[in-house]
Structures are given as C-alpha cells and as structure tokens.
Amino acid sequence: MPSSATNSIVTRLLEAFAAHFGAPAPAVVARAPGRVNLIGDHTDYNDGFVLPMTLDRAVYLAVRPRPDREVRLLSLNFDETIRFEIGTPPTETPRWAAYVQGVVTELHRRALLPNGFEGVLYGDVPLGSGLSSSAALEVATLVTLQHLFGFAMSGEEAARLCQYVEHTYVGVQCGIMDQFAARLGRRGHALFLDCRSLAYRHVPVHLKDWLFVIIDSRAPRELAASRYNERRAECEAGVAFFRRFDPEIRALRDVSPELLWAHPDQPTPTIWRRCRHVVEENRRVQEAVVDLEQDRLEAFGQRMNASHDSLRDLYEVSSPALDLIVDTARQVEGVLGARLTGAGFGGCTVVLLHRDALPELEQRVARAYEATFGRQPAFYPLDHNVEAGPIWPKTAALPVSSASESDEAGASEE
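For the structure given in this document, a descriptive report is provided here. (Residues numbered from 1 in each chain as written. Predicted model: local features only at pLDDT ≥ 70, side-chain atom pairs only at ≥ 80, totals over all residues. Heavy atoms only, no water.)

1. A closer look at helix α2 (residues 95-109)
For α2, with 15 residues, the first-to-last C-alpha span of 22 Å sits near the 21 Å given by 1.5 Å per residue. Counting buried positions over the 15 residues of α2 gives twelve, a clear majority of the element. Those residues of α2 not exposed but buried are Trp 96, Ala 97, Ala 98, Tyr 99, Val 100, Gln 101, Gly 102, Val 103, Val 104, Thr 105, Glu 106 and Leu 107. Where α2 is buried, its residues contact β3 (70-75), β4 (80-85), β5 (117-123), α3 (133-149) and α4 (155-170). Phi for Ala 111, located one or two positions after α2, is positive at around 60 degrees. (Helix = DSSP H or I, 4+ residues; strand = E, 2+ residues; numbered from the N terminus. Expected span 1.5 Å × (residues − 1). Buried < 20%, exposed > 50% of the residue type's maximum accessible area, 1.4 Å probe, protein only. Contact = heavy atoms within 4.5 Å.)

Given below as structure tokens:
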C-alpha cells in the first residue's frame, strides 16, 4: 500500500490543484523517483557498468487534459507557474521548467500529445545533491503524460528521450544512467546497467535487518564541472594510449587488467591512475551484483569501501567533507560499507549498515561534521524504494510498446 508520506504528498497536490485550477479533480497523479548509485562511478562515460537504485523520494505530477493546446503548470517547490502553447519554440523559463517544456516539445514532435494539460508538480528529491532530481522531473513528466493520453512507449525509449531533452533543452551532456534508473528502476531491486549496450537487469536487494543511508554533505560543488571535464579528457587520453596495443579498444571498458598492468604509470602516472580506477571499478560492479544476488552483504560493503578508496586515491574526486563522513561512518559498529556516490567533489555518500546502528551513525557523523565544517549534514534512510508510474487513482500498467516490459512498468506499491 502507498506509504503515509506518499499519501500526504498526493493530498497536498490535490488540494493545491483544487485551489489553483478548481473542480473537477486531476485525472491522474504519477511520479518518478530519484536515484542513488550504489557502486560504479565515473564508469558510465567509459562505456562501463553501474548499479543504481531508486529512492523513496520522487517528483510527483497531478494533471488533467485541457480542451486547447495550452500547458499550465504550477511548481509547489518554487511557487512558480509556467504557461505555454504546445508546438511553440521553448522560451526563457525557470530552469525547472526547461525539463518539462523539453519533454512536451519532443512528445509533440512525435505527434503523441492531442491537446494541452494543466497541473501541479512537487518533488521531495533533494536538489543539487547528486540524487538526480532533474531526471526524476523529466521522467515524471513523460510517464504522467503517457498515462494521461494513453500513448505507448517502452522504458528504454522513454529514458533516451529524457536524456535527449537534457542534452538539447537544458544543455547538460549527461549520461543515460539517471534517466534509465528513474524510468526502469524497480521496487526492491537495484538496476545493473551496461552503459554501452544499455542491456540491464533488475537485481533483488534483500536487506532485512540492514539499511542503506544517504548522507548529504551539503558541501558546495563549484569546481565539479571543470574537474569532471578534466577526468573525461584524462580517460580519453588513456584510451588513445592503450589503443596502440589493441585497435579494438573503444573505451576504458575494453582495457583488460593485464594490459593495464603491463604499462604501469603510462602514458603518465596520473592518467594511468584514472584508467586503473575505471578498469577495477567495472570489475567491482560486476562482483557486487553477484554479492547482492547471493545475499552477501558484508562482501558488498567491502566493495563499497574499495570503491570509495579508489575514487579518493586514484580518481581523486572525493573531498575533505566526503572523506570525513565516510571515515566516521566506518568506525560505527554495524556499518558494512561507506562510499561517495555520484560525481564527487561534494554531494552525497551512501552507507550500508544494520538498522540498529542508525542512531549512533547519525549522532557521530553529525557531531564530527559540525565540529569540522560548522554545519550539519542531512540523513536520508532508504528504507524502501519506489518506481515510476501512476499512483492515483489506482490504475493498470502504463501503456508500453514492448511486451517484455509490461510486467515492470505498472503502478507502484510501497
């Protein structure tokens, strides 16, 4: 059954809808979740493997169709309203609106929107924390309109469309992981994704007495974009070097450990360290999938630790704030693993621990963090996760163009 938090959000949306648009009620309320990457960072743009899991936090839309071609949408997070005609070129709008208008424009280009709509949106995915609030907004817009107007679209196609929107209408050259996780993530599972072929499978996560906790450093990330671009350039230089020995190499995903270690510190010590992280991280992700499938949570936690150490020492994308959180968390009895998650340079960490250890983790990390940085981190226990789709009123699955997905893309229950 839907959680009390979800019921509260739906109630808030319905009340805001009635106040802003009047009766009758919206036709549908749908959502798409944020995500946390459990392991596998900076592997995506190297054609590697990732293992994200959706959150219990999401972006929600309550909408109903209009008889004309106008779109009217109220954001409760920003207390802003946008209004535009379907088919008109996107104009300068609030940043959040660019994601919505981009999705609408692309659906219009495919002749999938017979008329306009009006509605209210709200999200409880933390903004600017590396938990993919933007992908959640894109996917929530798409799945809500898909259910409202009944057009068929596979999850893979939806994820690609949303990635294209972010590239074209927002100007962020993101990978595919965030949109894939938001659209195709399944309750009770992580999503093992091959970023080259886009093959994926759902990996059951049986936590029982254990728990993932996301800790947001709330640290500024001013240099993240420039350093991210530096890392991508260093990886490309590594590919160019190793291709001299094997012309079939297209990305670091193709570099074997044997080839890597046959040329230590080449072409430069720094570039070699970047390559080593990616090569070893890809293997860690594949091993971590087996750990989850066999309920080996202790081994999974050890791979989390190794991943963070590699991101800190080899890829050099951690930060004093992230390291303090990770180091403090690892000292708490009942913690199996802790690592930064996402691009780094700030943002969040993810910790795997016994449920009984949560109070001590929060107390010790908060105390150490405030003593060092003069502010409090935020804690988001991930007790359960959710998936994209309509949640009110209770409905059948979303229409999809792939029969194989029909059992994966229905309304979520928590």
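Once the structure has been displayed, the description carries forward.
2. Digging into the sheet that holds strand β8 (residues 210-216)
Backbone hydrogen bonds hold the strands of a sheet together, and the pairing may be parallel or antiparallel. If you walk across this open sheet you meet the four strands as β9-β10-β8-β11, and the pairing is antiparallel. Of all strands in the sheet, those with a lone pairing partner are β9 (335-341) and β11 (378-382), marking the two edges. Each strand axis lies, on average, 20 degrees off the axis of its neighbour in the sheet, ignoring direction. Of the pairings in the sheet, the one linking β9 to strand β10 (residues 348-354) comprises six bridges and is antiparallel in character. Its bridge partner lying in β10, Arg 339 is registered against Val 350. Along the sheet, helix α9 (residues 297-313) contacts β8, β9 and β10; its crossing angle with β9, the most-contacted strand, is approximately 35 degrees. (Pairing = 2+ DSSP bridges. Axes fitted to C-alpha atoms, helices over the stretch in contact; angles between N-to-C directions.)

3. Some details on the packing of aromatic side chains
By the definition in use, this model includes nine aromatic pairs. Measuring from centroid to centroid gives 4.9 Å for Tyr 369 and Phe 373, while their planes differ by 45 degrees, and the two rings are tilted. Here the residue Tyr 369 and the residue Phe 373 both occupy positions in helix α11 (residues 358-373), the gap between them amounting to four residues, near one helical turn. For Tyr 369, a relative accessible area of 0% gives the class buried. Clustering of aromatic rings is evident, with ring pairs tying together Phe 241, Phe 242 and Phe 245. Sitting over the ring of Tyr 122, Arg 12 keeps its end group 4.4 Å from the ring centre. (Phe/Tyr/Trp six-rings, centres within 6.5 Å; stacked < 30°, edge-to-face > 60°. Lys NZ or Arg CZ within 6 Å of the ring centre and 35° of its normal.)

4. With respect to the pattern of salt bridges
If the charged atoms of two oppositely charged side chains come close together, the side chains can form a pair. Here the structure, examined in full by the defined rule, presents 30 salt bridges. Across the salt bridge formed by Arg 284 and Glu 281, the nearest N and O atoms sit 2.9 Å from each other. Residue Arg 284 and its partner Glu 281 are both found in helix α8 (residues 269-293); the two are separated by three residues, about one turn of the helix. Given the relative accessible area of 10%, Arg 284 is considered buried. Glu 360 serves as the salt-bridge partner of Arg 364, at 3.0 Å between the closest nitrogen and oxygen. Within this pair, Arg 364 and its partner Glu 360 are both found in helix α11, separated by four residues, close to a single helical turn. By relative accessible area, Arg 364 is classed as partly exposed at 23%. You can call Glu 360 partly exposed: its relative accessible area is 32%. The structure contains a network of salt bridges with shared partners spanning Arg 64, Arg 66, Asp 68, Glu 70, Arg 72, Arg 83 and Glu 118. (Salt bridge = Lys/Arg side-chain N within 4 Å of Asp/Glu carboxyl O.)

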